[in-house]
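Spelled out, the chains give:
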Amino acid sequence: MLDDWSEWKPVYKIKKEAAQDLAWFWASVGEKEAKVKKYLDEFDQKQAIADYYYFYAYSAAKVGKRDASRAYFAKLEALDKEARRLPEYTLKQIDVSFQTGDLETIIKAYQRLAGYFDKEHPWFDEWEDEKQLVELNWDRFEYYLRLHAVQIHQNGHGMKQQAAKIKNQKKQQAALAQANNILTGATDLYKLYEQHFPKTKYYEDILFNHSNLLFDMGRHTEATALFSVLGKRSDSKYRKDAAYNAVMAAYTADSQKPQPNLPEPGKVKKPVPLSETKKVLVEKIDFFVKNFADAPEAAQTAFTAAQLYYEHGHYPESFKRFDKVLLNYPKTAEGETSMRTILSYYWEAKDWQQVVKISSKYIVEPAVVAAGHEAFLQETLSYGQSQLGVSKK
């Protein structure tokens, strides 16, 4: 039909479709590129050449020829960086790469796709005024990036669960490595989404997924930072969970660091500085307790920070914190332990004046008495007063 164009003289659309069909056929049979380009160039069918590159790349990907597929998708982009359908072709490359499990290509293609919307990119420069076209491709970019990030995350998680069931250690390690590679790819896609789509209604879902994934992968410092971002968003539906998860991530990150060789709690003569990871932990605890004081986890969380200071010999700070735990959560085990820890410290030091002072303070606190601590405090107060009397003789 193309050869006999002067005789057929069909409408342009038919000519275009004929060229496209020919491009598909030549790609399917592996016709050489030089011949295809030479023939189609004679009829000024640049789009058909692009179709040939796409069909060839797609067919190669489907049969596992990744290098050939990548090469022809690269030719497709190089053919015309201003081509109207350039984002569409890149999304098709992503689609076939997802079908064939080519994670490396998926990530690179999405990064390339993001670049098309840079004001300096030839594609954006060419089509910037066509708002509908730009918005359509931007929306497609957002949708498929979100979809693939979540699906790859789920796939990697499923593979990790299956790997845990493998009894052969060598095979299990190989399977876990593969699963972790996929999950790492998911983190890259989540990060790309967060970079380009911070104002969408799905942003917080992605951020929460990403934070949990980092935690599950053992990247606890990164997880702490990301959970904290969500925790500070006052209107976030994930705020409480994210703030608490930030505490747990910080706690785990710290526990995996070498710990100082400390004396028995209460026996530290000189305050030992808190490590940087412990400072982060305290920061996350304070944020959680301040904003979610009524949460079931609040008492234990607040107690953890107080105990941390106590173990490191920061007694004034630790007692201030223990005091708050008792007064705010008097009916909890943490509240009672806080009270007993303060009194025990001064009891061991035979500082009867402080024993009497603190017991006298708490025994008149209605919430502390209502929590059932009156008898213990009365006994402690009486003994402290008797010892104080003896010491004054």
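Residues numbered from 1 in each chain as written. Predicted model: local features only at pLDDT ≥ 70, side-chain atom pairs only at ≥ 80, totals over all residues. Heavy atoms only, no water.

Along the chain, the regular secondary structure elements total 19 helices and zero strands. The C-alpha radius of gyration computed for the chain amounts to 33 Å, which surpasses the reference 21 Å derived for 393 residues by more than 25%, pointing to a less compact arrangement than a globule. Oriented by its inertia axes, the alpha-carbon framework of the chain measures out at about 125 × 50 × 35 Å. Counting all 393 residues of the chain, 42% fall into the buried class. In the chain, 58% of the contacts between residues at least 6 apart in sequence involve partners at least 24 apart. On the chain, roughly 21800 Å² of surface is accessible, and the fraction owed to carbon and sulfur atoms is 51%. The distance from the centre of the 56 positive side-chain charges to the centre of the 54 negative ones in the chain is 6 Å. (Helix = DSSP H or I, 4+ residues; strand = E, 2+ residues; numbered from the N terminus. Rg over C-alpha atoms; globule rule 2.2 N^0.38 Å. Buried < 20%, exposed > 50% of the residue type's maximum accessible area, 1.4 Å probe, protein only. Contact = heavy atoms within 4.5 Å. Areas by Shrake-Rupley, 256 points an atom, 1.4 Å probe, with all protein chains shown as cover. Lys, Arg positive; Asp, Glu negative; His and termini not counted. Charge placed at Lys NZ, Arg CZ, Asp CG, Glu CD.)

Attention now moves to the packing of helix α5 (residues 66-79) against helix α6 (residues 86-100). Relative orientation of the contacting elements α5 and α6 amounts to 170°, with a least axis distance of 10 Å. Our classification of the angle between α5 and α6 gives roughly antiparallel. Across the interface between the two elements, Arg66, Arg70, Phe73, Leu76 and Glu77 of α5 pack against Leu86, Tyr89, Lys92, Gln93, Val96 and Thr100 of α6. The residue inventory of the contact of α5 with α6, partitioned by class, reads five nonpolar, two polar and four charged. (Axes fitted to C-alpha atoms, helices over the stretch in contact; angles between N-to-C directions. Parallel < 35°, antiparallel > 145°, perpendicular 65-115°, else oblique. Nonpolar A, V, L, I, M, F, W, Y, C, P; charged D, E, K, R; others polar.)

Phi at Lys350 takes a positive value of approximately 55°, unusual for a residue other than glycine. You can see Lys350 is positioned in the loop between α17 (333-348) and α18 (352-362). With a relative accessible area of 59%, Lys350 lands in the exposed category.

Further remarks concern the environment of Val368. Within the secondary structure, Val368 sits in helix α19 (residues 366-392). The spatial distance from the C-alpha of Val368 to the C-alpha of Leu327 is 6.9 Å, given a sequence separation of 41 residues. Those residues in contact with Val368 that lie beyond four places of it in its chain are Leu326, Leu327, Pro330, Tyr362, His373 and Leu377.

If you look at the biggest cluster of nonpolar residues, it comprises 32 residues, and the most contacted ones within it are Tyr110, Leu113, Trp123, Phe141, Leu145 and Leu189. Sorting elements by how many residues they give to this core places helix α7 (residues 103-116) first, with eight residues. Leu145 has contacts with Tyr110, Leu189, Leu192, Tyr193 and Phe197, leaving out every residue within four places of it along the chain. By size, the runner-up hydrophobic cluster in this structure holds 21 residues, among which are Val36, Ala61, Tyr72 and Leu76. (Core = buried A, V, L, I, M, F, W, Y, C linked by side-chain atoms within 4.5 Å.)

The next thing to look at is a nonpolar patch on the surface. Residues Trp24, Phe25 and Val29 make up a contiguous nonpolar surface patch of about 320 Å² in total accessible area. With respect to the secondary-structure elements, Val29 resides in helix α2 (residues 12-29). (Patch = residues over 30% accessible without salt bridge, like charges linked within 9 Å, V, L, I, M, F, W, Y side chains within 5 Å. Salt bridge = Lys/Arg side-chain N within 4 Å of Asp/Glu carboxyl O.)

Here we come to the packing of aromatic side chains. Within the structure shown, the criterion is met by 35 aromatic pairs. Arranged with centres 5.6 Å apart and planes meeting at 70°, the rings of Tyr310 and Tyr315 form a pair that is edge-to-face. On the basis of relative accessibility, which here comes to 7%, the residue Tyr310 falls in the buried class. Put simply, the rings of Tyr110, Phe117, Trp123, Trp138, Phe141, Tyr193 and Phe197 touch in pairs and so form one group of aromatic residues. If you follow Lys92 out to its NZ or CZ, it ends over the ring of Tyr54, 4.9 Å from the centre. Directly above the ring of Tyr202 sits Arg146, whose terminal nitrogen or CZ lies 3.6 Å from the centroid. (Phe/Tyr/Trp six-rings, centres within 6.5 Å; stacked < 30°, edge-to-face > 60°. Lys NZ or Arg CZ within 6 Å of the ring centre and 35° of its normal.)

Given a rise of 1.5 Å per residue, 14 residues ought to cover 20 Å, and the 20 Å separating the end C-alpha atoms of α5 matches this to within 8%. Listed as buried for α5 are Ser69, Tyr72, Phe73, Leu76 and Glu77. All buried residues of α5 lie within an arc of 145° about the axis, which places them on one face of the element. Facing away from the buried side of α5, by more than 90 degrees, are the exposed residues Asp67 and Ala78. (Expected span 1.5 Å × (residues − 1). Arc of directions from axis to C-beta.)

Further remarks concern a negative patch on the surface. On the surface, Glu82, Asp118, Glu120, Asp125, Glu126, Glu128 and Asp129 cluster together into a negatively charged patch. Residue placement: Glu126 occurs in helix α8 (residues 122-127).

In this section: the pattern of salt bridges. Tallied over the entire structure, the rule returns 23 salt bridges. Among the ionic pairs, Glu222 bridges to Arg219, the shortest N-O distance being 2.8 Å. With a relative accessible area of 37%, Glu222 lands in the partly exposed category. When its relative accessible area of 24% is taken as the criterion, Arg219 is described as partly exposed. Here Arg321 and Glu317 are joined by a salt bridge, their closest N and O atoms 2.7 Å apart. Remark: Glu317 and Arg321 occur in helix α16 (residues 315-328); sequence separation between them is four residues, near one turn of the helix. Residue Arg321 is classed as buried on the basis of its relative accessible area, which comes to 14%. Overall, the relative accessible area of 23% leaves Glu317 in the partly exposed class. A cluster of three or more residues bridged by salt bridges with shared partners is formed by Arg66, Asp67, Arg70, Asp102, Glu104 and Lys108.

Turning next to the packing of helix α9 (residues 131-163) against helix α11 (residues 203-216). Their axes nearest at 12 Å, the elements α9 and α11 cross at an angle of 25°. In terms of orientation, α9 and α11 fall into the roughly parallel class. The element α9 and its partner α11 pack so that their crossing is left-handed. Between α9 and α11, the residues in contact are Arg146, Val150, His153 and Lys160 and Ile206, Asn209, Leu213 and Asp216, respectively. Among the residues forming the contact of α9 with α11, the class breakdown is three nonpolar, two polar and three charged. (Left-handed = near helix turned anticlockwise from the far one by under 90°.)

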